[in-house]
Amino acid sequence: MNTRENEIILGIDLGTTNSLAAWYAPGGPEVIGAGDDALVPSVIALEHGAATVGTAAKARAVLNPLGTVYSVKRLMGRGLADLADELGFLPYHVVQGAHDTVRVEVDGRLLSPQELSAIILGEVRHRAEQALGRPIAKAVITVPAYFDDAQRQATRDAGRIAGLEVLRIVNEPTAAALAYGLDRRENATIAVYDFGGGTFDVSILHVEGGVFQVLSTHGDTHLGGDDLDRALIDLITGEIRDRFGEALSFPPATRQALRQFAEATKIRLSAEPSAAVEIDLGEGRAYRRTITRGQFETLAAPWVERTIGACREAMDAAGVAPGGIDEVVMVGGSTRIPMVVRRVGEVFGREPYTAIDPDRVVALGAAVQAGILGGHRRDMLLLDVTPLSLGIETLGGAMGKLILRNSTVPCKASEVFTTSADGQTSVDIHVLQGERELVADCRSLGRFKLAGLPPMPAGAPRIRVTFMIDANGILHVRAVEERSGRTASIQITPSHGLTGEEVQRMVRESWTHAREDMTAHRMIDLRNEAGRILAAIDKALANVPGALDDAQQRRLDDAVARLKALLGGGDPDAVYEAMTAANEAAAPLTEAQMDAVLSRTVKGRKLDEVGE
Ligand code: AMP
């Protein structure tokens, strides 16, 4: 393969509903485009001899259904006879063409699925060229594992029509496994579960010596998140009819709004335990109810169980028992549903990988393949040791390290933390990477919340935070409040996006700044400690008023004022001295307080004895 070092090879996920591109950036695979802009809806509007692609085309679907082509991936390399099940879903005209392939007919013009896919690929390529500021002529494109030769050939042709030399057609599940670095596994069996908006498939792969083999694949090309939206719509419209009468009908605009509303509710329930639903029906009538995650799970269960059945069949077909699956990878937007992750984990007996965005994992994997073909991969770090330290943010903005750099992977470390305020019912856990002492100088890898803690006094909860880096360089962080058993966790891939050079720079900076960092970290610790002392003094003054004579009170006031004044500065030694002085000045107060407590206890005991 002749590829120049600086030549860009795109990795393209050409999807049924959305397409997107990634490339092998200097720091590793990266999706091209930010946020939702990265996704190009795989929709083409053909009007007046011109084609529009993406979001603008999608907007034409309602006004011009015959000229708006979507789901063209379903037509690739297929004849009319193959498409009996599909045609009912497609509003545009599909007709028989030459060599037992289909054509889409728009305004009397016949277009092959390859040409239509090429229009999408052309748009993806154009956006990538704009974003990267360079012409692009080569690509790796992904296809489902179940695509046959004709479908793969059609995809290759679509690339050629779009002016791209297609260096490789890669299976989507293989790409997902590549994104997680599973090609480096000596010998492993991997399940890739892909649950999107309109399609579902599961593949069992085997990897050995960097070579992937698809052992089996199963699925349903008409099962997806859309079904769950419809189940929610049925629930809502059913209840509206029950409550407000049979006659209530819904015009198309309302149905469309309901669909969007149902999807938003479903997405909300992936993050929250319940979602409020309120629909204004006009004429002073309103439908209101709260849907809990549990209720949604009951509703979604039949569909999720169908996917679980397919997982069992795929294992049977591959001749693998659940105990024989080494890794599980999640792909597709619907795998963000917590119940899906749970059930997939149960059927394969493994916690699935979810760290990489399930909508981007295939494109990222295609970029890894592009990086291998372009010869870029060799300067990536081999993650047999962790290149930078990992830890969490502690009180006052300091970095508390749990795993030190150069620890051999896999590795595990845990530490117990507590709360700083009374009655705290949740704790934010901020995961960091870097060598410096302050949060602001480290790289933020992610955050999560440990919620639902029973209110306890500050310092009482025992929050055990465990960091574990597995053999693939994936960081698993888990927090457990040991008294209540509440747990929360997150997965992070620290391997993506850092080059050897960046790591070197971060390590170098930590040496250069070592002295100032240490001072800053010490100041944070001292401020926290001083805060506790000052609060204790205030409390004691309130508990035992009049315990100090005038001279003692003046000495204490002076010491407290001096300590407060020094806290804003940056001299840890001076703060330490002032803190010690304040502590000493408060000693008579502490004694008086202890006496008060003792006498109360003694009185209490006497009362008990009288009662006996
Ligand atoms: P994909 O085809 O992979 O882009 O997946 C799209 C599907 O994922 C749609 O049905 C979305 O409603 C669904 N989806 C996206 N995000 C979430 C989420 N957070 N929870 C549940 N479903 C989601």
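The structure presented is a predicted model; accordingly, all values stated were derived computationally and were not measured.

### Re the overall build of the chain
Stage number 1. Helix and strand counts for the chain stand at 15 helices and 26 strands.
Stage number 2. In terms of its C-alpha atoms, the chain occupies a principal-axis envelope of roughly 105 × 70 × 50 Å.
Stage number 3. Across the 612 residues of the chain, 48% fall into the buried class.
Stage number 4. Counting contacts in the chain only where the partners sit at least 6 residues apart, residues at least 24 apart contribute 63% of the total.
Stage number 5. Entry remark: accessible area of the chain is about 29600 Å², with carbon and sulfur atoms responsible for 51%.
Stage number 6. Charge separation in the chain, taken as the distance between the mean sites of 65 positive and 82 negative side-chain charges, equals 1 Å.

### Some words on the confidence of the model for the chain
Stage number 1. Confidence in the prediction for the chain averages 86 pLDDT; 90% of positions are at 70 or higher.
Stage number 2. Per-residue pLDDT, averaged within each element of the chain, yields its smallest value for helix α15 (residues 587–611) (57) and its largest for strand β1 (residues 9–14) (98).
Stage number 3. This model gives residues 379–383 a pLDDT under 50, and the stretch forms 14 contacts once residues within four places in sequence are excluded.
Stage number 4. The low-confidence segment residues 601–612 (pLDDT under 50) makes zero contacts with residues lying over four places distant or belonging to another chain.

### Remarks on the nonpolar core
Stage number 1. Core analysis: the largest hydrophobic core is formed by 41 residues, its most contacted members being Leu-10, Ile-12, Val-69, Leu-75, Leu-116 and Ile-141.
Stage number 2. Counting only elements with at least two residues in this core, the list comes to β1, β2 (18–25), β5 (43–47), β9 (102–106), α3 (113–132), β11 (138–143), α4 (149–161) and β12 (165–171).
Stage number 3. Ranked by the residues each element gives to this core, the list is headed by α3, at six residues.
Stage number 4. Look past the residues within four positions of Val-69 in its chain and what remains in contact with it is Ser-42, Val-43, Ile-44, Leu-46, Tyr-92, Val-104, Val-106 and Leu-116.

### Focus: the pattern of salt bridges
Stage number 1. What the rule picks out here adds up to 28 salt bridges.
Stage number 2. Salt-bridge contacts for Arg-306 lead to Asp-220; the nearest nitrogen and oxygen are separated by 2.7 Å. A residue pair is termed long-range when its members are at least 10 positions apart, and Arg-306 in helix α8 (residues 293–318) and Asp-220 in strand β15 (residues 211–220) qualify at 86 residues.
Stage number 3. Arg-336 is the salt-bridge partner of Asp-357, the closest N and O atoms lying 2.8 Å from each other. On the criterion of sequence distance, the pair formed by Asp-357 in the loop between α9 (338–348) and α10 (361–373) and Arg-336 in the loop between β18 (327–331) and α9 is long-range, its members being 21 residues apart.
Stage number 4. On the accessibility criterion, Arg-336 (41% relative accessible area) is partly exposed.

### Some thoughts on the pairing of β1
Within a regular strand, side chains alternate between the sheet's two faces.
Stage number 1. Across the six residues of β1, six count as buried, placing the element largely inside the fold.
Stage number 2. On β1, burial covers both faces: Ile-9, Gly-11 and Asp-13 on one face and Leu-10, Ile-12 and Leu-14 on the other are all buried.
Stage number 3. Here five bridges tie β1 to β11, and the two strands are oriented parallel to one another. Bridging from a neighbouring strand, Gly-11 pairs with Val-140 of β11.
Stage number 4. The pairing of β1 with β2 spans four bridges and is antiparallel. Within β2, the position partnered with Ile-12 by the bridge is Ala-21.
Stage number 5. Once β1 ends, the chain turns through three residues before running back antiparallel as β2.

### Digging into the site of the ligand
Stage number 1. Around the ligand, a shell composed of 15 residues is seen, among which Gly-197, Glu-263, Lys-266, Ser-270 and Gly-333 lie nearest.
Stage number 2. Here an oxygen atom of the ligand sits 2.5 Å away from a polar atom, N or O, in the side chain of Glu-263.
Stage number 3. In the environment of the ligand, a nitrogen atom lies 3.0 Å from a nitrogen or oxygen atom belonging to the side chain of Arg-336.
Stage number 4. When the ligand is considered free in solution it has 500 Å² of accessible area, and contact with the protein chains removes 82% of it.
Stage number 5. Broken down by secondary-structure element, the contributors of at least two residues to the shell around the ligand are α6 (225–244) and α7 (252–271).
Stage number 6. Per-element accounting of the shell around the ligand gives the leading share, four residues, to α7.
Stage number 7. Along the lines of polarity and charge, the residues of the shell around the ligand split into two nonpolar, eight polar and five charged.
Stage number 8. Each of domain 1 (9–224 + 299–385) and domain 2 (225–298) accounts for three or more of the residues forming the shell around the ligand.

### Some details on the layout of surface pockets
Stage number 1. Of the volumes computed, that of the second largest pocket is approximately 1300 Å³.
Stage number 2. Considering the residues around the second largest pocket, the lining is formed by 39 residues, among which Ser-270, Pro-338, Thr-354, Ser-489 and Ile-490 are closest to the centre.
Stage number 3. Going through the elements one at a time, α7, α8, α9, β23 (443–450), β24 (463–469), β25 (475–481) and β26 (487–492) are the ones with two or more residues in the lining of the second largest pocket.
Stage number 4. Counting residues per element, the lining of the second largest pocket draws most heavily on β26, at five residues.
Stage number 5. When the residues that make up the lining of the second largest pocket are grouped by side-chain class, the tally is 18 nonpolar, nine polar and twelve charged.

### Focus on the sheet that holds strand β22 (residues 427–433)
Stage number 1. In spatial order, the strands read β20-β19-β22-β23; together these four strands make up an open sheet with antiparallel pairing. Two strands bound the open sheet, and with one partner strand each, they are β20 (398–403) and β23. Averaged over all adjacent pairs, the angle separating strand axes in this sheet is 30 degrees, with direction ignored.

### A closer look at α9
Stage number 1. Those residues of α9 lying buried are Met-339, Val-340, Arg-343, Val-344, Gly-345, Val-347 and Phe-348.
Stage number 2. Downstream of α9 by a residue or two, Gly-349 has a phi angle that is positive, lying close to 65 degrees.

### Let's talk about the packing of aromatic side chains
Stage number 1. What the rule picks out here adds up to six aromatic pairs.
Stage number 2. With 6.2 Å between their ring centres and 90 degrees between their planes, Tyr-70 and Tyr-92 make a pair best called edge-to-face. Here the residue Tyr-70 occupies a position in strand β7 (residues 68–70), and Tyr-92 occupies one in the loop between α2 (84–87) and β8 (93–96), the gap between them amounting to 22 residues.
Stage number 3. Since its relative accessible area comes to 4%, Tyr-92 is described here as buried.
Stage number 4. For the pair Tyr-146 and Phe-147, a centre-to-centre distance of 6.1 Å together with 65 degrees between the ring planes defines the contact as edge-to-face.

### Quick notes on the domain arrangement of the chain
Stage number 1. Under the domain assignment, the chain is made up of domain 1 (9–224 + 299–385), domain 2 (225–298), domain 3 (390–497) and domain 4 (514–602).
Stage number 2. Taking only C-alpha atoms into account, the centre of domain 3 sits 30 Å from that of domain 4.
Stage number 3. Taken together, the contact pairs nine residues of domain 3 with six residues of domain 4.
Stage number 4. Roughly 660 Å² of surface becomes buried between domain 3 and domain 4 when both sides are summed, with 57% attributable to carbon and sulfur atoms.
Stage number 5. It is Leu-395, Glu-437 and Leu-438 that lose the most area in domain 3 upon contact with domain 4, and together they represent 62% of the buried surface on that side.
Stage number 6. For the pair domain 3 and domain 4, the interface holds zero salt bridges.
Stage number 7. Counting the contacts that link domain 3 with domain 4 gives one residue pair in polar contact (both at pLDDT 80 or more).
Stage number 8. Residue classes in the side of domain 3 that touches domain 4 are distributed as four nonpolar, two polar and three charged.

What counts, and where the lines are drawn
- One numbering rule holds for all chains: residues counted from 1, following each sequence as written.
- For a predicted model such as this one, the threshold for reporting local features is a pLDDT of at least 70, and the threshold for listing and counting side-chain atom pairs is 80 or more; totals across whole chains, interfaces and linings nevertheless cover every residue.
- Values shown for side chains rest on all heavy atoms present in the structure; no hydrogens or waters enter the calculation.
- Runs of E in the DSSP output that reach at least two residues are strands. Runs of H or I that reach at least four are helices, and both are numbered from the N terminus.
- Categorising residues by exposure relies on relative accessible area from a 1.4 Å probe, with only protein chains included: less than 20% of the type maximum marks a residue as buried, more than 50% marks it as exposed, and the intermediate range marks it as partly exposed.
- Throughout, a residue-residue contact means that at least one pair of heavy atoms, one from each residue, lies within 4.5 Å.
- Note on areas: these come from Shrake-Rupley sampling with a 1.4 Å probe, and a residue is covered only by the protein chains present in the view.
- We treat Lys and Arg as the positive residues and Asp and Glu as the negative residues; His and chain ends play no part in the count.
- Charge coordinates come from a single atom per side chain, which is NZ of Lys, CZ of Arg, CG of Asp or CD of Glu.
- Confidence of the prediction at every residue is given by pLDDT, a number between 0 and 100.
- By nonpolar core we mean a set of buried residues, namely Ala, Val, Leu, Ile, Met, Phe, Trp, Tyr and Cys, connected to one another through side-chain atoms within 4.5 Å.
- By definition here, a salt bridge exists when the distance from a side-chain nitrogen of Lys or Arg to a carboxyl oxygen of Asp or Glu is within 4 Å.
- At least two bridges found by DSSP between two strands are what make those strands a pair.
- Here a residue counts as near a molecule or strand whenever at least one of its heavy atoms sits within 4 Å of it.
- Nitrogen and oxygen atoms within 3.5 Å of one another constitute a polar contact, given that in protein one can donate a hydrogen and the other can accept it, and given that sequence-neighbouring residues count only through two side-chain atoms.
- Each residue is assigned to one class: nonpolar for Ala, Val, Leu, Ile, Met, Phe, Trp, Tyr, Cys and Pro, charged for Asp, Glu, Lys and Arg, and polar for all the others, Gly among them.
- As annotated, the domain borders come from an automatic or database domain assignment.
- Detection works on a 1 Å grid of protein atoms alone, calling trapped sets that fit a 1.4 Å probe cavities and calling open sets with protein on both sides within 12 Å along at least five of seven lines pockets, with lining residues defined by an atom within 4 Å of a point.
- Grid points are joined across faces, edges and corners, and a volume is the space filled by probe spheres set on the points.
- Axes here mean lines fitted to C-alpha atoms, for a helix over just the part in contact, with angles spanning 0 to 180 degrees between N-to-C directions.
- Pairing of aromatic side chains requires ring centres within 6.5 Å, counting the rings of Phe and Tyr and the six-membered ring of Trp. Pairs whose planes differ by under 30 degrees are stacked, by over 60 edge-to-face, and all others tilted.
- Each of two parts loses accessible area, computed with a 1.4 Å probe, when they are put together; buried area is these two losses added.

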